[in-house]
Amino acid sequence: MIRVEALRIREFRGIRDLDLTLSGKSFVVWGPNGSGKSGVVDALEFALTGHVSRLEGAGSGLLSLQRHGPHVHRRDDPAAAEVAVTVCEAASGKTAVLTRNVKTAKTFTLEPDVPEIRAAIERVQQHPELTLSRREIIKFILAEPGKRAEEVQALLKLDRLGDLRSVLRTLQTRASSDHKSAVEQVNSAQNQLMRHLDINALLVSRVTGEINQRRAVLSLPLLEAATIETPFAEGVDRPQPDGVSFNKASALKDVDALRQALTIPPGLSGAVFRLLSALAELDADPTILTALKHRELVTSGLAQVTGSYCPLCEKEWASEDDLRRHLSDKLERSEGAARLERILRTEAQQVALACKQFRSLIEMVVPLAKSYGPGDSSAQLRLWAEDLVEFEGQFTSIEGARGQGARLRSDPVAAPQSLPSILSQLSAAIEAIPDQSVTAEATSFLIVAEERRRSVRLAREVEAKKGAVHAAAKTLYSVYCATADKALTDLYEAVQAEFGTYYREINSDDESEFKAQLEPSAGKLDLRVDFYGLGMFPPNAFHSEGHQDGMGLCLYLALMRQMLGSGFTFAVLDDVVMSVDGSHRKQLCNLLRDRFPGVQFVITTHDPVWAQQMMSTGLVARASQARFHSWTVDDGPVYEPATEVWDAIATDLEKDDVPAAAARLRRALESTLSDLAGNLKGLVAFRPEGNYDFGDLLSAVMGAHSKWFGVAAKAANSWNDSQAKQVIAELKAARGAAVIAQAEESWAINKAVHYNEWASFSKADFEPVVDAWRQFLNLFSCSNVDCEGRIYLVVSSGREEALRCRCGKYNLNLRSK
Amino acid sequence: MPSINEEVVSAFLQQVAVEDSLGSTVAAELATAFAAAKLPKADDLLQLLTRLTGEALA
């Protein structure tokens, strides 16, 4: 993807006018809280994505990018708020300037408009997680398993996996519903055939017996076996080829079937009872429905609780426990609502199915009513059937079912009041028809039987197709679940391994055996970590806040590596490790430097110690920093650009500002000697307040340096390594000269001199002092400009192995033969 | 590099193609549906399966 070469910010957030040169390298913005560092993070995020997380999402309330993105003095002029980023596309090496202003935040200009860079920017826009704060990172660790799964899946862009799973589940549900309906059609058609044949089971022997009995009357060849594939009426003369087939006995049975269904609606009464009970439960507590609607919101709010301040209502609660209990109660209530919803849907489907069965009975009687029924009885029956269709349609949603409560309680079937009379008159009219002759009865019997056989055959064909669709949908869903679950398991195993490796590297001193388990299960993602070999626990069970910070960052890095692979080239880490202690931060710097050499990290911190560690470990070059001192509303951050200390001193001296140059030199020496004492194991008398004296540090560094030169010389002799002997001799000579020069000028940086004698200390007097110290400090740095690293001891298994720099150009063996 | 979503969809279609009850025709039609819409609608997939299983029966 991309790296950032330079950043220009105008009238954006707390910044009025700021230019930073990053040169595609890792960069640190450091300074006290409230000095404007976050403005840089916001500007990078805005330029690259068109968004500012701080102004969006939960807890942002009435904030908006348009109104609150510009500097407060330009809040009515969003076009003035502009960020320009010079980006380099990592693969092609091409660069362009991306410019975006708040007024037209959704679009950006690219100059020159290089396709590779535009494509890279569009990919970055899909990954807002490239800019993360501690609060966002720690949520991967502290989240409930269900929420963690959501967070991680959102980060990895896995939400589409869930969306597709949901689509395929819906497909399966609809196919199942269609199939159920087709099965019901088969049952209905079979019932009609069995009613006509006057049998209670559709067995081949029974069917064959009834059919052959009539075929024998008509002297037709008997059927060997009457199955649903056998034409029952083959050879029968059809007296009414286009009319309604009528068989008196069968017609009376159809009318009677409808009459009986009215008195005992079979599956309907049970389903209606259960549905009404569920609706009553819902109506008794309207908050259940609201809870269902708010469920998602509460789940997200609970995951973001980090104290007594509620991220949803933006109010302070008595305690974090009170707030958590309140939100958990809400969630529990919505879980009940979700369970109730499932019951409602199941029972509503049953009611709809029962209505369908009713309609099939009505449809059998309608043609009879048209021929033999009283007045407009067939029209009344048709209207009733249409009403049932509409009634069925109400049960596709909970709101629809709720609206039918009154009808469900009183008379769900809602037959016309005149129905008993219609059916009585219809039966009487059919009864009054003279009995058919034996041959006519046999003929009509076979013709009706054939019609109903065809209906059964057709219904079975449809059912077979719907069944096949349902089976295919089921297989698709299960194949998808198995494929997605395997992919997720593999992914999580890889993330778990990488996460563990990173964490062990940061905590090699006390948790070198650390293990982690990342286990997906039923939409959740459980994270358990080893605690000093005593068992696997949730990460926030026993580990300190600092360790949790470290875990959050390690998990984030593992996830990003998995997601982007070699495309992980840029990340903004906004004050992410505030709780990690000093020694582990140094290891963290090493991890970022060694494991992610291709990634440009832009890191903000309020902690000067960590900022110095980033530079001393070589994670960021000394030139790749911006130090923010303070901030004012009118001018924005007061900051010190990344300037080599020697250049800054030279600038001071050019202005004849010797006191400033001296103060800068002393600060630089104190900081550098402190790092060097650590790097070389220099011995300094312990001070509880950690405020070490300049003189103590200098002695410690010089003593250790001398000692390790002695060890290196002895080792070179033991191996008879002439080249090493030569290098050591040269280094010793340089050291001798530098130490003499430094000793001659060391008085000049005494604090007392600074405070009392500067009026008479000229630029010419001070320049040799600077040169002497520069020469002295060069003894401890690599001469390779790309390395710039300070030398340090390499220790293995408690033994000092070498004195070297990061790139290895400076490398003295300390182990003797 | 392909996203995890793309990898899963690709593996899913490969598995569909070798399933006895589904097969390469279903896989090919699904691939077309996924190419047309990254997240097809359930109704469209239902129509697709109905058409394909209907054709198989004929």
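Just so it is clear, the model here is predicted, and its values are computed rather than measured.

### A closer look at the overall build of chain A
Per the secondary structure count, chain A includes 25 helices and 17 strands. Looking at chain A residue by residue over its 817 residues, the buried ones come to 47%. Of the contacts made within chain A by residues no fewer than 6 positions apart, 66% connect residues no fewer than 24 positions apart. Summed over its atoms, the accessible surface of chain A is roughly 38300 Å², and 51% of this surface lies on carbon and sulfur atoms.

### Structural notes on the overall build of chain B
Across its full length, chain B carries three helices and zero strands. Reading the secondary structure of chain B in the N-to-C direction produces α-α-α. The buried share among the 58 residues of chain B stands at 40%.

### Looking at the sheet that holds strand β4 (residues 82-89) of chain A
Residue and element names in this part refer to chain A. Strands sit in the order β2-β1-β4-β5-β6 across an open sheet of five strands; the sheet is antiparallel. Bordering the open sheet on either side are β2 (15-21) and β6 (109-111), each of which pairs with just one other strand. Each neighbouring strand pair of the sheet contributes to a mean axis angle of 20°, computed without reference to strand direction. Relative to strand β5 (residues 95-101), β4 runs antiparallel, the two sharing seven bridges. Residue pairing across strands places V83 opposite R100, the latter belonging to β5. Contacts from helix α1 (residues 37-49) reach β1 (2-12), β2, β4 and β5, with the element oriented near 110° to β1.

### Concerning the interface of chain B and chain A
Taken together, the 27 residues of chain B in the interface contact 30 residues of chain A. A buried area of about 2500 Å², summed over both sides, lies between chain B and chain A, and 80% of it is on carbon and sulfur atoms. For chain B, the biggest contributors to the area lost against chain A are I4, N5 and F12 of chain B; these three give 23% of the whole. At the junction of chain B and chain A, the tally comes to one salt bridge. Put simply, D43 of chain B and R174 of chain A hold a salt bridge, and the shortest N to O gap is 2.4 Å. The interface formed by chain B and chain A contains one residue pair in polar contact (both at pLDDT 80 or more). Of all the secondary structure elements, the ones that give two or more residues to the side of chain B that touches chain A are α1 (4-18), α2 (24-36) and α3 (42-57) of chain B. In terms of residue count, α3 of chain B provides more of the side of chain B that touches chain A than any other element does, nine residues in total. Counted by class, the side of chain B that touches chain A contains 17 nonpolar, six polar and four charged residues.

### A few points about unusual backbone geometry
Residue and element names in this part refer to chain A. A cis amide bond links E111 to the next residue, P112, at an omega of -5°. Note that P112 resides in the loop between β6 and α3 (115-125). In this structure, D656 is a non-glycine residue whose phi angle is positive, near 60°. Secondary-structure assignment places D656 in the loop between α20 (645-654) and α21 (658-679). With relative accessibility at 54%, the residue D656 sits in the exposed group.

### A short note on the sheet that holds strand β15 (residues 792-796) of chain A
Residue and element names in this part refer to chain A. On the basis of which strands lie adjacent, the open sheet formed by three strands has the order β15-β16-β17 and antiparallel pairing. Each having just a single partner strand, β15 and β17 (811-813) make up the two edges of the open sheet. Within the sheet, the average angular offset between the axes of one strand and its neighbour, ignoring direction, is 30°. Sheet analysis places β15 next to strand β16 (residues 799-804), joined by five bridges and oriented antiparallel. Across the sheet, residue S796 finds its bridge partner in β16, namely R799. Along the sheet, helix α22 (residues 694-719) contacts β15, β16 and β17; its crossing angle with β17, the most-contacted strand, is approximately 65°.

### Some points on the pairing of β1 of chain A
All names here are of chain A. Pairing of β1 with β4 involves eight bridges; the strand directions are antiparallel. If you follow V4 over to β4, its bridge partner there is V87. One ladder, built from six bridges, connects β1 with β2; its direction is antiparallel. Looking across to β2, one finds that A6 is bridged to T21. Where β1 hands over to β2, the hairpin turn is made up of two residues, of which R13 adopts a positive phi near 50°.

### Examining α22 of chain A
For α22 of chain A, with 26 residues, the first-to-last C-alpha span of 38 Å sits near the 38 Å given by 1.5 Å per residue. Immediately downstream of α22 of chain A, the backbone of N720 of chain A shows phi near 50°, a positive value.

### Description of a nonpolar patch on the surface
All names here are of chain A. Together, V72, W631 and V633 give the surface a local cluster of nonpolar side chains, amounting to about 240 Å² of exposed area. Relative to the assigned elements, W631 resides in strand β13 (residues 625-632). Residue classification places W631 among the partly exposed positions, given a relative accessible area of 35%.

### Considering the pattern of salt bridges
Residue and element names in this part refer to chain A. Per the stated rule, a full pass over the model turns up 34 salt bridges over all chains. A salt bridge links E229 to R457, with the shortest nitrogen-to-oxygen separation between them at 2.8 Å. Taken together, the positions of E229 in the loop between α7 (204-217) and α8 (248-263) and R457 in helix α16 (residues 438-506) put the pair 228 residues apart, joining distant regions of the chain. Among the ionic pairs, E392 bridges to R359, the shortest N-O distance being 2.6 Å. A residue pair is termed long-range when its members are at least 10 positions apart, and E392 in helix α12 (residues 377-393) and R359 in helix α11 (residues 320-372) qualify at 33 residues. Relative accessible area serves as the criterion here: at 10%, E392 is assigned to the buried category. Residue R359 is classed as buried on the basis of its relative accessible area, which comes to 15%. Linked by salt bridges that have partners in common, E11, R16, R74 and D77 make up one network.

### Thoughts on the packing of α21 of chain A against helix α25 (residues 763-778) of chain A
Each pair of packed helices gets described by two things: the angle between the helix axes and the distance between those axes. All names here are of chain A. The interhelical angle for the contact between α21 and α25, taken along N-to-C directions, is 15°, at an axis separation of 11 Å. Our classification of the angle between α21 and α25 gives roughly parallel. For the element pair α21 and α25, the recorded crossing hand is left-handed. Residue-level contacts link V658, A661, A662, L665, L669, T672, L673 and L676 of α21 to K763, F766, V769, V770, W773, F776 and L777 of α25. Here the residues of the contact of α21 with α25 are counted per class, giving 13 nonpolar, one polar and one charged.

### Regarding the nonpolar core
All names here are of chain A. One finds F499, Y556, L557, F568 and F601 to be the most contacted residues of the largest nonpolar core, which totals 133 residues. Counting residues per element, this core draws most heavily on α16, which supplies 17 residues. Setting aside chain neighbours within four positions, we find L557 in contact with Y502, F568, L591, L592, F596 and F601. Formed by 47 residues, the second largest nonpolar core is a distinct cluster that contains A261, L289, A337 and A354.

### Things to note about the packing of α1 of chain B against α2 of chain B
All names here are of chain B. Remark: α1 packs on α2, axes separated minimally by 7 Å, with the N-to-C direction vectors making an angle of 155°. In terms of orientation, α1 and α2 fall into the roughly antiparallel class. In this structure, α1 contributes V9, F12, L13, V16 and A17 to the contact, and α2 contributes S24, V26, A27, L30, A31 and F34. Here the residues of the contact of α1 with α2 are counted per class, giving ten nonpolar, one polar and no charged.

What counts, and where the lines are drawn
Residues numbered from 1 in each chain as written. Chains lettered and ligands numbered in written order. Predicted model: local features only at pLDDT ≥ 70, side-chain atom pairs only at ≥ 80, totals over all residues. Heavy atoms only, no water. Helix = DSSP H or I, 4+ residues; strand = E, 2+ residues; numbered from the N terminus. Buried < 20%, exposed > 50% of the residue type's maximum accessible area, 1.4 Å probe, protein only. Contact = heavy atoms within 4.5 Å. Areas by Shrake-Rupley, 256 points an atom, 1.4 Å probe, with all protein chains shown as cover. Pairing = 2+ DSSP bridges. Axes fitted to C-alpha atoms, helices over the stretch in contact; angles between N-to-C directions. Buried area = accessible area lost by both parts, 1.4 Å probe. Salt bridge = Lys/Arg side-chain N within 4 Å of Asp/Glu carboxyl O. Polar contact = N/O pair within 3.5 Å; in protein donor to acceptor, adjacent residues only side chain to side chain. Nonpolar A, V, L, I, M, F, W, Y, C, P; charged D, E, K, R; others polar. Expected span 1.5 Å × (residues − 1). Patch = residues over 30% accessible without salt bridge, like charges linked within 9 Å, V, L, I, M, F, W, Y side chains within 5 Å. Parallel < 35°, antiparallel > 145°, perpendicular 65-115°, else oblique. Left-handed = near helix turned anticlockwise from the far one by under 90°. Core = buried A, V, L, I, M, F, W, Y, C linked by side-chain atoms within 4.5 Å.

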